[in-house]
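# Summary of the model geometry
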Amino acid sequence: DMDMRKWFKEAQYGMMVHWGLYSLLAGEYKDRYSGVYAEWIQAHLAIPNAEYGKLTKAFNPVFFNAEEWVKLAKDCGMKYFVVTSKHHDGFAMFHSKVDKYNVVDATPFGRDVVAEIGEACYKHGLKMGLYYSQDLDWHEPNGGGYLSNHIPSQGVTWENSWDFPDTAHKNFDLCFENKIYPQVEELLRNYGDLCLIWFDMPMTLKENQSRALFDAIKKYQPDCLINSRLGNGAYDYVSLGDNEIPDSMPENVEFDPSLMNGIDGFKPSPYGLYETAATMNDSWGFCARDQHWKDAAVIAANKKKLNSMGINYLLNVGPDGLGRIPLASQKILREVAKTL
Ligand code: JFZ
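The present account deals with the structure reproduced in this document. Every chain is numbered on its own, with residues counted from 1 as its sequence reads. Local features in this predicted model are restricted to residues of pLDDT 70 or higher, and side-chain atom pairs are both shown and tallied only at a pLDDT of 80 or more, whereas totals for entire chains, interfaces and linings draw on every residue. Hydrogens and water are ignored here; the side-chain numbers use all heavy atoms of the structure.

Before going further, it helps to examine the environment of Asp242. Its place among the elements puts Asp242 in the loop between strand S8 (238-239) and strand S9 (274-278). Only protein chains enter the accessibility calculation, which uses a 1.4 Å probe; a residue whose area is less than 20% of its type maximum is buried, one above 50% is exposed, and one in between is partly exposed. Residue class for Asp242 comes out partly exposed when judged on its relative accessible area of 30%. For the pair Asp242 and Lys267, spaced 25 residues apart in the sequence, the C-alpha separation amounts to 14 Å. By the convention used here, residues are in contact when the closest approach between their heavy atoms is within 4.5 Å. With near-sequence residues (within four places) excluded, Asp242 lies in contact with Tyr37, Arg229, Ala277 and Trp284. Secondary structure elements follow DSSP: runs of H or I no shorter than four residues count as helices, runs of E no shorter than two count as strands, and numbering proceeds from the N terminus.

Given below as structure tokens:
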């Protein structure tokens, strides 16, 4: 455990990858655009599961090569690699026995993306972490988020209200027991050593649910770090706001339980471990129209500033439906690397 914290502190720089069915839509569907976050397109345009699910039949990214992705990260000085094992759409990018809505069972591609990335990381000496959406799951009638619709989101609602409108009878506990917890267990048991699990959107989980995931991680993989978006204060390290660069690190901040299920507000890490996840343009998932790339000098300066405050920089790329990391991202990353 101690060693992993030391490793995290020294790692400084990692690659995040948002990749899933949404990558095929590239921010467009029929006559409309997604919001800024192209990975939210299903919720933004209220696309029914029966329609969105057709993308599984088209998921065949013939240019996906895990080693190329991992080598790019390594060449550019990154020490860890965090990929979306399941985003809010509920589609698993790994072979899950719990739910057939996954890349192996539901697509012509039929390959386990998480497994291939894990092997590439092992081969090239990077550590793998996994993003997992433990609260929002739009494929599930009882997916979370339905208590939070007073807070604005990138979707028509946080939960899937277009396929499953009966909010009054939703019960996240069922989703948690039947899908979320068992899938996290699969990730912990089947993909080798994980450096971290990157949970997201700590809104619906009850304290015992956050605790159950925390305990499962510590049981199967005591070295795996947990970010602060699991909920209820169950975490090892703190994810700051997306793209957040504080002016300075707050000191002696008391642990405030009332902040723990909000997405912002400063949370102190008991071990002094912090990370900012950031995009290179404005979207996390691939978005054809988003060419608003930050230039290499800006990214390099952000990295320097964050690292000088002891905050890791987890920089995101959004590969397209063929499995290609956008050339613009590749060029910027290599430019940044020259300055390191
Ligand atoms: C979440 C996701 O909804 C999004 O799709 C992406 O995966 C991103 C990394 O995480 O979005 C957030 C979560 C938290 C904040 C902003 C966007 N925040 O704390 O500022």
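After that view of the structure, there is still more to cover.
Here the focus is the site of the ligand. Distances are taken per atom, and a residue is near a molecule or strand as soon as one of its heavy atoms is within 4 Å of it. Neighbouring the ligand are 14 residues; His18, Glu39, His87, His88 and Asp200 lie closest to it. By the criterion applied in these results, polar contacts are pairs of N or O atoms within 3.5 Å in which, for protein atoms, one can donate a hydrogen and the other can accept it, and in which residues neighboring in sequence qualify only through two side-chain atoms. In this structure, an oxygen atom belonging to the ligand sits 2.8 Å away from a side-chain N or O atom of His88. Contact distances for the ligand include 3.5 Å between an oxygen atom and a side-chain N or O atom of Asp242. For the ligand, the protein covers 90% of the area, taking 450 Å² as the surface of the free molecule. Three classes are used, and their members are as follows: Ala, Val, Leu, Ile, Met, Phe, Trp, Tyr, Cys and Pro are nonpolar, Asp, Glu, Lys and Arg are charged, and the others, Gly among them, are polar. When grouped by side-chain class, the residues that make up the shell around the ligand number 6 nonpolar, 4 polar and 4 charged. For the area figures, the Shrake-Rupley method with a 1.4 Å probe applies, and any residue is considered shielded solely by the protein chains shown.

Let us now look at the side chain of Lys179. With respect to the secondary-structure elements, Lys179 resides in helix H8 (residues 172-190). In this view, Lys179 contacts Lys86, Gly90, Val98, Asp99, Tyr132, Asp137, His139 and Glu140; residues no more than four positions away in its chain are not counted.

Here we come to the packing of aromatic side chains. Pairing of aromatic side chains here covers Phe, Tyr and the six-membered ring of Trp, requires ring centres within 6.5 Å, and sorts the geometry by plane angle: under 30 degrees stacked, over 60 edge-to-face, intermediate tilted. Applying the stated criterion across every chain, the model contains 20 aromatic pairs. Judged by centre distance (5.0 Å) and plane angle (65 degrees), the ring pair of Trp40 and Trp138 falls under edge-to-face. You can see Trp40 sitting in the loop between strand S3 (32-33) and helix H3 (41-44) and its partner Trp138 sitting in the loop between strand S5 (127-132) and H8, a full 98 residues away along the chain. The class for Trp40 is buried, based on a relative accessible area of 3%. Pairing Phe91 with Tyr101 gives two aromatic rings, centres 5.0 Å apart and planes at 80 degrees, and the pair type is edge-to-face. Separated by 10 residues along the polypeptide, Phe91 in the loop between strand S4 (80-86) and helix H7 (113-124) and Tyr101 in the loop between S4 and H7 bring together distant segments of the chain. Per residue, the accessibility class of Phe91 equals that of Tyr101, and both read buried.

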